[in-house]
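Chain by chain, the residues:
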Amino acid sequence: QVQLVETGGGLVQAGGSLRLSCAASGRTFSSYAMGWFRQAPGKEREFVAAINWSGGRTDYSDSVQGRFTISRDNAKSTVYLQMNSLRPEDTAVYYCAASVSISIAPITSKYDYAYWGQGTQVTVSS
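The text that follows walks through the structure, step by step, so that each part is easy to find. (Residues numbered from 1 in each chain as written. Predicted model: local features only at pLDDT ≥ 70, side-chain atom pairs only at ≥ 80, totals over all residues. Heavy atoms only, no water.)

### Here we look at the side chain of S21
Basically, it comes down to this: A run of DSSP states H or I qualifies as a helix once it reaches four residues; a run of E qualifies as a strand once it reaches two. Both are numbered from the N-terminal end. Residues are treated as being in contact if the distance between any of their heavy atoms lies within 4.5 Å.
Tracing the sequence through the fold places S21 in strand β3 (residues 18-26). Excluding residues that lie within four positions of it along the chain, S21 makes contacts with V5, E6, T7, W36, T78, V79 and Y80.

Shown next as structure tokens:
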């Protein structure tokens, strides 16, 4: 079992930056693959970024590639999402998630994540 708490959301103008953090507690954080997803009103929850258990491999959706960076600090049991060059279409509730998969590849499917945080709102104004 692991508990996840996201922080760092807020209101930002287009072109600005935010850094989301997700603090984990419970079982050994370094054994989990981690991911960030987002959900806009009336839309499905979609993949944003993922990082494998060691932090050695990452993956991104096409819509955020080159603008967002996922990282993790296993000593602090925290995963981060640095978001730059934000656009109004990035507005959504952002969720972090933990997967027990030991795959070397990052996990991109929401159905492979067993644990979810409560979400943090990100609003980008034009």
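### Considering the packing of aromatic side chains
For clarity, the cut-off: Whether two aromatic rings pair depends on their centres lying within 6.5 Å, for rings of Phe, Tyr and Trp, where Trp uses its six-membered ring; planes under 30 degrees apart make the pair stacked, over 60 edge-to-face, and the rest tilted. Burial classes follow relative accessibility: with a 1.4 Å probe on protein chains only, a residue under 20% of its type's maximum area counts as buried, one over 50% as exposed, and anything between as partly exposed. The rule for a charge over a ring is simple: NZ of Lys or CZ of Arg within 6 Å of the ring centre, and within 35 degrees of the ring normal.
If you walk through the whole model with that rule in mind, you get five aromatic pairs. Both rings, one in Y32 and one in Y115, keep their centres 6.0 Å apart while their planes meet at 85°; by these two values the pair is edge-to-face. Placement of Y32 in the loop between β3 and β4 (33-39) and of Y115 in strand β10 (residues 115-116) is noted, with a sequence separation of 83 residues between them. Considered together, Y32 and Y115 belong to a single accessibility category, that of buried residues. Aromatic rings pair up to connect F37, F47, Y113 and W116 into one cluster. Its guanidinium or amino end placed over the ring of Y95, R45 lies 3.7 Å from that ring's centre, counting from NZ or CZ. The ring of W116 has R45 sitting right over it, with the charged end atom 4.8 Å from the ring centre.

### Description of the nonpolar core
So the rule is basically this: Throughout, nonpolar core names a set of buried Ala, Val, Leu, Ile, Met, Phe, Trp, Tyr and Cys residues whose side chains join them through atoms within 4.5 Å.
One finds L4, M34, W36, L81, M83 and Y94 to be the most contacted residues of the largest nonpolar core, which totals 30 residues. Ranked by size, the runner-up nonpolar core spans seven residues in total, among them A33, F37, F47 and Y113.

### Some points on the pairing of strand β11 (residues 120-125)
Using the following cut-off: DSSP bridges decide pairing: two strands pair if at least two such bridges lie between them.
Here β11 shows a buried face lined by T120, V122 and V124 and an unburied face lined by Q121, T123 and S125. By the bridge criterion, four bridges tie strand β2 (residues 10-13) to β11 in an arrangement that is parallel. Paired with Q13 across the two strands is S125, which belongs to β11. Bridge analysis of strand β9 (residues 92-99) against β11 gives three bridges, and the strand direction is antiparallel. Residue pairing across strands places A92 opposite V122, the latter belonging to β11.

### Considerations on the state of the cysteines
Put simply, the test is: Cysteine sulfur pairs qualify as disulfides if the two atoms are within 2.5 Å.
Inspection of the entire model under this criterion finds one disulfide. Between C22 and C96 runs a disulfide, and the two sulfur atoms are separated by 1.9 Å. In this structure the cystine formed by C22 and C96 twists about its S-S bond by roughly 40°; its chirality is therefore right-handed. Remark: C96 occurs in strand β9 and C22 occurs in strand β3; sequence separation between them is 74 residues. Under the relative-accessibility criterion, C96 is labelled buried at 0%.

Fair warning: the whole summary comes from geometry, so function is off the table for now.
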